Structures are given as C-alpha cells and as structure tokens.
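Examination of the molecular architecture
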Amino acid sequence: MATLSPLSFLATTKVSASSPSLLPSSSRKPSKASHRIAKVSCNASNPEGEPQNNRRDVLVGLGGLGAAAATFSYNPLALADAVATDVHACNKPSLPPGAKPIACCPPNYENKEPIEYVIPKYTSLRIRTPAHDYADLDKYTKAITIMKSLPDDHPHSWTQQSRIHCAYCHNSYTQVGHKGVEMQVHFSWIFLPFHRWYLYFYERILGKLINDPTFALPFWNWDAPEGMEMPAIFTDRRSPLYNALRNQNHLPPTLVDLNWNGRSTGVDGSGDVEANLATMYRQVYEVKRPLCFYGKPYRAGDKPLSGSGNGSGSIELVPHNTVHSWTGDKTQPNIEDMGALYSAARDPIFYCHHANIDRMWSVWKSFGREDITDPDYQNASYVFYDENLNLVTVKNSDAFDTKKLGYDYKQLDLPWLKYKPTPRRTKAQRHGRKVKKLDLPFTLKDKIVSTVVKRPQTNRSQLEKDEKEESLVFTLQFDRTKHLKFDVLINEEEDYKWANPKYREFAGSFVNVSHAGQDGGATETTFTVGITDLLEQLDADDDDTIIVTLVPQYGDQVIIKDIKISFEECRLR
C-alpha cells in the first residue's frame, strides 16, 4: 500500500500581511497582540494553476502552519450579518440516538489563525466526468489509498476530510460573534456554496497526493438513465472506494429512486426512469426563483431550524436527501453511513453524489436563472485546510463560477427537460370532491390527510407570474434525529398510488435526513412548494381554493403548524 510521510506536505506559500480582513465581528476577547488576516497569494501560477513562490515565502507544514499563523489574528469585524465559522469554538458534535461518540473538530486547530484564500489563476480546467464512464479510476483509487494511509490527525487524512461534514452539520462549530449559536450548512441558502467549496478542496488535496493538479472527481449522474445505477466503481469490495454500510438491496442493477419512499420489506424494486426524470424537471427546471432553489436566508445569529424563517431549497430536499437515504444502510440505527449527516462523508460515494448536486447548480444557472446578490449570502464564509496545509477562509461570492475555481463538467444531454409532468385527470373528473378545512395545528403520522387552502389571488397575469411564484408554504415541527418523508398532492384523491412524480397533481416532497443540533431533535422549519405552473396545467388558475393532500411515506410524526399560499417566499427582497 502506498504511504506518504506528513513531511512530504511541506510547502512554501506567499503570505501578504497587508491583506484586508475577511470575517465578521466576534464577541471573543482579542489577543494581546494586534495582527491581521493574511491572504494566500497565488497571482503567479504555472499552467496547472499551482502557486509560484515569491520573495516573502513562509514555510508552511504540519509544524510550520502553527508558527506562521501565530503572526496573524482572527479579526472578524469586516462583515455585518453574514454567517462565519468561529475557529476558536469547535466542540463535540451533537449526534442522533444510537450513534457512537466521535470528535469532528480539525487537528492542531486551537492555536492557528485562518488566512484568506486567493484562488489560483487557472489556465486549464479540470473536467469532471460521469462515474459510469470515468477514465481516471487508477488515479482516483491511488489518491484515496494514500489519503487513507495518512495518520488520523493529519488534516488531509480520510478521517479528517470526512469529519468536515460532521463539524459543519452537527453543532461542532458555532458562529462568529454569536456565542453558542450553531453553524449549520444545511436547510438554507448556504447549502450549495458550502458543499462546492468542500468538494473543491477535497479534489485539490487528492490531486496533490498523486502530484497531479489536473485530477478531477467523477459525478454520479443519477439524472440520466445511463447513470441511475449505483456507480460500479464504488461497488468493488477490493477498492478503497467501497463502503460496506450501504443498502445491499440497492446495488446494481437496481436503479436509484430519486423519490424513494423508504419501503422496508422485501427487496426494493428499481426506481422508475420516467418518475426520476419527471422529478428532475420539477425540482430543477420548474423552480425559477432563487430562494426556492437555494433555500431560505441564513444570517449571522440565526439559530438553525428553530423558527419559520428557515428552510431548504428544492434541490436539497429532492434529490439530495432522497439519494442520501436511498444509499445508506437500513440495518444501521440512523441509516449510516450516507443516511445520516454526521457519517455521510465516510462513504466515498458521498463526494460523487455531491458533485452531481453541484453540477445541478451550474445547470440551473444555465437556464438564465437569477442569482442571489444579498451581501449576507455573498459574504458567508467557512474554514478549510487547502492542499498546501494552509488553514484558509473562503466565502460564497468566490464560488459562483466553477471555471474561476479551475473546473467544469462534461457537457451532457438533459433528458429530463422532456419529462414535464402531466395531469392524471381532467378538471371535470376532479370536480365534486368535498373536503373541509382542517383546524391548525394538526399531526400527520400514518394516515393520508386532506384540507382546503384558500388562494389570496386568482387569474394572475403572465407578468405577475414571472415576477412572483405562487407558493404553498408549510410550517413544520418534527424530530430532526428521525428520518421523515411526506408527499404533497394538489386536487387529487387520497391514495398512496397517486403519489407519483410523473403526475402533475404531485407537487413535491418534504424529506429529512437524520441529524442533531443544539436542541437535540426539536425542529421548526418551513417547507415551500412552487405551484404556479402546476395550477396552470391542472386548469385551476381561476379556482378560489385548492385541495391539499399530505401523504406520509415514512418516519415519525410531523406537526403541521400552518399552511398558506404566499407570493413572496421565493422572491429576493
């Protein structure tokens, strides 16, 4: 097995002591000496984008990083309301019941200060390709083998790379300037940019381990029929890419089910190709407004999942959460590894799955969609070790363009653009069903429930529809340590068999993947479903009310505190 000494990671990196401060205010007591955050300067680069050394080089390695960082202070006063990671407050994670205790904080962290990352000037692109047609498997397995051979406390080791996700998802990190308030990278608009940075450094580290700066990760393109099986490169038991904690009923040739309902008896059937493609159409192409795709705002001081102001975007709920749950091992307490956020990154397939989520972000923007310009979104920041063992801060605004980050995706057809869901019945066939409005709150557990929801406005003009998405908004309370899924149908009968994404009456799904936070499992969040196009197709644009049917699929009970229709939830304000 290949081995690598930590000393081989020693690197010389130019540090500019005059760089501006990046991170926002902290209530932490200042250090005795007054210092400044530094930038890792990569202005001069070779053809592969590797930084060149200059006359103010500082030797940085496992030991050198601590010495170099001692000359810079964490001065988090530059930003006002953008969330930022407090590098001086990393704690034991809050874990779901049944999980074995683990530590998720990075090594050698306490006495080190972050330096602002400057993206190298890339002159060529790393091209990420589909996992089922991946040509660099030998490089990939070699890099993972080396990573897994490193000591557990090495920042580039497999153990430490996988724990990054745990630290940012399970109440290890807190927010700068807000003592004790959890830093959480799911359930809000920072979900996509955080994971883009995570994969960026993971990919760069793997390339560094094999001395190949052109190395690119594969992506699991479950959005196309040829990629809907679990990629074979992850199923070879002799490979370092293999993980035993996966659902054994879902190995090839079983197809992924992007709307998986967690059936627990017998051998699970394959996913439905047409239903998968219709799911992609609904969750990506049909979501036109940014806050419904990215997720709700998350600002400094916000306590995650503790009020109705937060919520996941469409891409995070489905297919992100469903593929996590579909892949994880149902014999484990929390469907580990992929089925629980604290353990998901232990499985090499995690990074392949997230590469396709990242690709979907690029695809969504290619449709001409509006991006988020709110400074609290753009300036949100995180801390990582880069490939040269620098502890660096990065922010969202530098992650919007993959080409700026030196990579792109192989251009593929998008078959799901042709799979717009179609109505199961005509308006005349749906007419006559009588449903009463339920009193709120009510509990959804193991029976299908229907209620009537009044629409504040009907027959809107096309301009009004283009400017404001009509959205069905739920306020939910549930135990976040438990897996949970329910589907939403509009103007449909109460029957599980009609909860099928191929039908236009199917509006969407709420899906929770097991995790824990400051309050254990206590959770309140919003779930938003855009219904403008759906109502047009159902010929219900002039209806004063709609019938909303909730179909519980698996998991614990959820309390429905509120259901309303809004024209503001998806719009940037």
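Owing to the predicted nature of the structure, the values given are computational and were not obtained by experimental measurement.

We now examine the UniProt feature "binding site: Cu cation B" (unreviewed entry) in the protein chain. Per the UniProt record, the feature "binding site: Cu cation B" (unreviewed entry) sits at His-320, His-324 and His-354. Taking the farthest pair of C-alpha atoms as the criterion, the annotated set spanning 35 residues converges on one region, since that pair is 9.9 Å apart. Position of His-324 among the secondary structure elements: in helix α7 (residues 314–327). Residues contacting His-324, with those up to four places away along its chain left out, are Met-338, Gly-339, Ala-344, Phe-350, His-353, His-354 and Val-513. The residue His-354 is located in helix α8 (residues 349–366) in this model. With a relative accessible area of 2%, His-354 lands in the buried category.

If you walk across this open sheet you meet the 4 strands as β13-β20-β15-β18, and the pairing is antiparallel. Here the strands that pair on one side only, and so sit at the sheet edges, are β13 (442–444) and β18 (522–530). Adjacent strand axes in the sheet meet at a mean angle of 35°, parallel and antiparallel pairs treated alike. Pairing between strand β15 (residues 471–479) and β18: 9 bridges, direction antiparallel. The residue of β18 that forms the bridge with Thr-475 is Thr-526.

Let's shift gears to the state of the cysteines. The full count for this structure, using the stated rule, is 3 disulfides. Linked covalently through their sulfurs, Cys-90 and Cys-105 form a disulfide whose S-S length is 2.1 Å. Its S-S torsion of approximately -100° makes the covalent link between Cys-90 and Cys-105 left-handed. Of the two residues, Cys-90 is situated in strand β4 (residues 85–90) and Cys-105 in the loop between β4 and β5 (115–117); the sequence distance between them amounts to 15 residues. Across the disulfide, Cys-104 is cross-linked to Cys-166 (sulfur-sulfur distance 1.9 Å). On the sign convention where negative means left-handed, the S-S torsion of about 65° between Cys-104 and Cys-166 marks this disulfide as right-handed. Highlighted residues: Cys-104 in the loop between β4 and β5 and Cys-166 in helix α3 (residues 158–169), separated in sequence by 62 residues.

The rules we used
- Residues numbered from 1 in each chain as written.
- Predicted model: local features only at pLDDT ≥ 70, side-chain atom pairs only at ≥ 80, totals over all residues.
- Heavy atoms only, no water.
- UniProt positions renumbered as here; feature names shortened; annotations may be inferred.
- Helix = DSSP H or I, 4+ residues; strand = E, 2+ residues; numbered from the N terminus.
- Contact = heavy atoms within 4.5 Å.
- Buried < 20%, exposed > 50% of the residue type's maximum accessible area, 1.4 Å probe, protein only.
- Pairing = 2+ DSSP bridges.
- Axes fitted to C-alpha atoms, helices over the stretch in contact; angles between N-to-C directions.
- Disulfide = S-S within 2.5 Å.

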